[in-house]
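In case you want the letters, here they are:
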Amino acid sequence: MDLEKLKNAANDPIGALKARSKESGRPLGLAFSSYFPLEVLDAFDLEGAWLPPVPRPDYPDGEAVLQAFVCNCVRSSADIILHGDLPVGLVAATTGCDSRLALATVLRTAGVGAPVVMLRLPVTVGNPLAVEQGSRALAGFCDETRAALGRDLDLEVLKKARDIREKGRELLTGLFENMGDGGLPASSVYTAAVAAQVMDPGDLIKALEEAPRADKAPVNGIRCMLSGSSIPSPRIVEGLEAIGVKVVADDTCTGTRAACRRTVKGVDDPVRAIGASLINRPLHGPTMLEDGHARIQQIVDTAVRRRAQAVIMLHYKFCDPHAFEAPGLTEALERAGVRSIVLEADREPGLTARDRTRVETLLEAIG
Amino acid sequence: MITAGVDCGAKNVKVVVLKDGVVVGKAMASAGMDTEAAVEKAFEAALEESGLSRDSIDKVVSTGAGKDEPQFVDDTVTDVGADARGMHHLYPEVRTVIDVGAEEGRAIRIDANGKVVDFAINEKCAAGAGAFTEAMARALEVKVEEMGELSLKSTQAIPMNAQCAVFAESEVISLVHRKTPKPDMARAIHDAIADRITSMVRRVGIEEKIALTGGVAKNIGFVKSLKEDMETDVIIPDEPDYTGAIGAAFVAADD
């Protein structure tokens, strides 16, 4: 694996985005959600990317407009966009959690230069109407983007971008499936996942295809699963590995959930097929599910299948959807004989001393 | 076997020397800005009390916030692990351990073998720990050691927000301006910490018998508030500051 390229992108995602836009001469199309279909932004002649949260001690531009308690994901996103040094051609917001929904209004109110277009997905998935609503939502997003940018979506580019982006997600899924057990160490897999948010999709595939030949995961360590919101930086995973955690399974916004979407086959209209795939994903986060128990059971099943001895719930502070599911998940894991712990990430790139102690205690208790 | 346990707490360093399962020496020193120097000072004092030489110590285990700082230790154990082991030695019948130190409050549920079943630690706020009492004592202009006695003289309960130590200090200042009697304010402060600690204990599940350890266990006002809040009695070791160091020394001996 070309770990250096991936590490550079993961450690400096903003630098990577600037370089990518400079190289191609195209502005960036930035999405706030790791399940947003970037191929659509590519097809509007933008450099599609998910804007990852960047851990920093302060966010002067973001904090100037966000007075409420919001997760650092939103604070960081607002700060980066409002700072104004990224060549942004379009901001793609999505429905889902309150913070992401509100971010669009915050940016518009703050007078961000680029158009902000909302992808209005159905509130809940898992019902017969949701797939149709998802397809229509993406079609609506494309209509609004067309009006905002004054140009049409290129269908041929969309089909190519769809295929190349899907290949990238398949490769990432493979890395997560083998993580820790003969595959890569988790820190390298999460480095790839963070880099995947910002890298050019072609460059990403080249780097990922080399992945299985790169370093192998350590044999020792307590087998754990990571669940929760975005991973602020691979450093947090490196910190976990350094104290004896062997991450063998994932359920995070940055990880398997971002990579699991597959384009629905047998639908002629590529926009509708992609729209349907947003709803038909095998894994959803807690923001769009009416039946949280099904998701909790899915996490428990994965933990058991991967023989995880504990689940580390890594949440962004003020990330309500994950915070609300934590009590139920803790209880379900306990019933399955799997220990768990909740860690709150905020502005720190790695583990805080206190969180490190808490994880060490968990590992000690497991023995 | 002779072992030593070093508890590098946020405020004080405690050292215990253990010989064949019996505490033969112990000492405490203020952690200050130089933890290693404080450890040396406490270690020498504990050795002197034990009458043993440094060479006779077979193994040293450290615990506490600064557990990685002393270079001479053989191993480390987390505060939770040390508390559990120490309390299991002191009171084998205890199933719930509450430790309220200077900067951290912990609730630990242990089984009959002293193994940690579950635990909770107060997160990024000092409102459930001893530092909160110190800050409030400053606001009340009384010595922190006097807070316990003072609160026992209270005649009325006053609700207080203890979600944030800084905001709580503002609240105390408001109470001062309203001429609220100091004993009532001292009690409100202890009640607030007790509320937070009790919530944390409920998260791990309250199981009798319950023991309280850590420096704040010496504050009789807080102990009264905690007992009332939990509606049960709590066991307090004679020297609650040393439970972690005792536990670390036993962890060294267990290995």
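Definitions and limits used
- Residues numbered from 1 in each chain as written.
- Chains lettered and ligands numbered in written order.
- Predicted model: local features only at pLDDT ≥ 70, side-chain atom pairs only at ≥ 80, totals over all residues.
- Heavy atoms only, no water.
- Helix = DSSP H or I, 4+ residues; strand = E, 2+ residues; numbered from the N terminus.
- Buried < 20%, exposed > 50% of the residue type's maximum accessible area, 1.4 Å probe, protein only.
- Contact = heavy atoms within 4.5 Å.
- Pairing = 2+ DSSP bridges.
- Domains from an automatic or database assignment.
- Buried area = accessible area lost by both parts, 1.4 Å probe.
- Salt bridge = Lys/Arg side-chain N within 4 Å of Asp/Glu carboxyl O.
- Polar contact = N/O pair within 3.5 Å; in protein donor to acceptor, adjacent residues only side chain to side chain.
- Nonpolar A, V, L, I, M, F, W, Y, C, P; charged D, E, K, R; others polar.

Student: How should I be thinking about the environment of Asn72 of chain A in this particular structure?
Tutor: Residue and element names in this part refer to chain A. Position of Asn72 among the secondary structure elements: in helix α5 (residues 72-83). Its relative accessible area of 1% is what places Asn72 among the buried residues. Considered as a pair, Asn72 and Gly337 are 265 residues apart in the sequence and their alpha carbons are 32 Å apart. Dropping the residues within four chain positions of it, Asn72 is found in contact with Tyr59, Tyr316, Lys317, Asp346 and Arg347.

Student: It is not clear to me how the pairing of strand β2 (residues 12-19) of chain B should be interpreted in this structure. Could you clarify?
Tutor: For a regular strand, the rule is simple: side chains alternate between the two faces of the sheet. Residues and elements named next belong to chain B. Of all eight residues making up β2, six are buried, and the element is well covered by its neighbours. As judged from the seven bridges shared by strand β1 (residues 2-8) and β2, these two strands associate in the antiparallel manner. Looking across to β2, one finds that Cys8 is bridged to Val13. Two strands pair when backbone bridges link them, and β2 and strand β3 (residues 22-30) are joined in this way by eight bridges, in the antiparallel orientation. Residue pairing for β3: Lys19 is matched across the bridge by Val22. Here β2 hands over to β3 after two residues, with Asp20 in that stretch at a positive phi of 50°.

Student: Would you mind showing me how to read the domain arrangement of chain B here?
Tutor: Often, the extent of an interface is quoted as the loss of accessible area upon association of its parts. All names here are of chain B. When its domains are assigned, chain B resolves into domain 1 (1-91 + 239-255) and domain 2 (94-236). Distance from the C-alpha centre of domain 1 to the C-alpha centre of domain 2: 25 Å. Counting residues at the interface gives 12 residues for domain 1, matched by 24 residues for domain 2. Counting the surface lost from both domain 1 and domain 2, the interface buries some 1,500 Å², and carbon and sulfur atoms represent 66% of this. Three residues stand out in domain 1 for area buried against domain 2, namely Val80, Tyr91 and Pro240, and they jointly supply 36% of the buried area on that side.

Student: What is the right way to look at the interface of chain B and chain A in this model?
Tutor: At the junction of the two partners, chain B supplies 18 residues and chain A supplies 15 residues. Across the chain B-chain A interface, the total number found is two salt bridges. Counting the contacts that link chain B with chain A gives six residue pairs in polar contact (both at pLDDT 80 or more). Among the elements that take part in the side of chain B that touches chain A, strand β8 (residues 116-121) of chain B stands out by supplying five residues, more than any other. Here the side of chain B that touches chain A is composed, by residue class, of six nonpolar, three polar and nine charged.

Student: What should I look at first to understand the domain arrangement of chain A in this one?
Tutor: All names here are of chain A. Under the domain assignment, chain A is made up of domain 1 (3-156) and domain 2 (219-366). Averaged C-alpha coordinates put domain 1 and domain 2 at centres separated by 22 Å. Contacts between the two partners involve 37 residues from domain 1, matched on the other side by 31 residues from domain 2. Around 2,800 Å² of area is buried between domain 1 and domain 2 when both sides are counted, 64% of it from carbon and sulfur atoms. The three residues of domain 1 that bury the most area against domain 2 are Tyr35, Pro55 and Val125, which together make up 21% of that side's buried surface. Inspection of the region where domain 1 meets domain 2 yields three salt bridges. Residue Arg347 is joined to Glu63 by a salt bridge in which the shortest nitrogen-to-oxygen separation is 2.4 Å. Across the contact surface, domain 1 and domain 2 share eight residue pairs in polar contact (both at pLDDT 80 or more). Mapped onto the side of domain 1 that touches domain 2, the elements with two or more residues apiece are α5 and α7 (128-149). For the side of domain 1 that touches domain 2, the leading source of residues is α7, giving eight residues. Split by residue class, the side of domain 1 that touches domain 2 holds 24 nonpolar, six polar and seven charged.

Student: Help me out: how do you make sense of the pattern of salt bridges in this one?
Tutor: Pairing of side chains with opposite charge becomes possible as their charged atoms draw close. This model, assessed by the stated rule, comprises 44 salt bridges over all chains. Here Asp181 of chain A makes a salt bridge to Lys246 of chain A, at a shortest N to O gap of 3.9 Å. Of this pair, Asp181 of chain A sits in the loop between α8 (155-177) and α9 (186-196) while Lys246 of chain A sits in strand β6 (residues 245-252), and the two are 65 residues apart along the sequence. On the accessibility criterion, Asp181 of chain A (30% relative accessible area) is partly exposed. Note that Arg106 of chain B is salt-bridged to Asp79 of chain B, the shortest N-O span being 3.5 Å. Within this pair, whereas Arg106 of chain B is found in strand β7 (residues 105-110), its partner Asp79 of chain B is found in helix α2 (residues 79-90), the two being separated by 27 residues in sequence.

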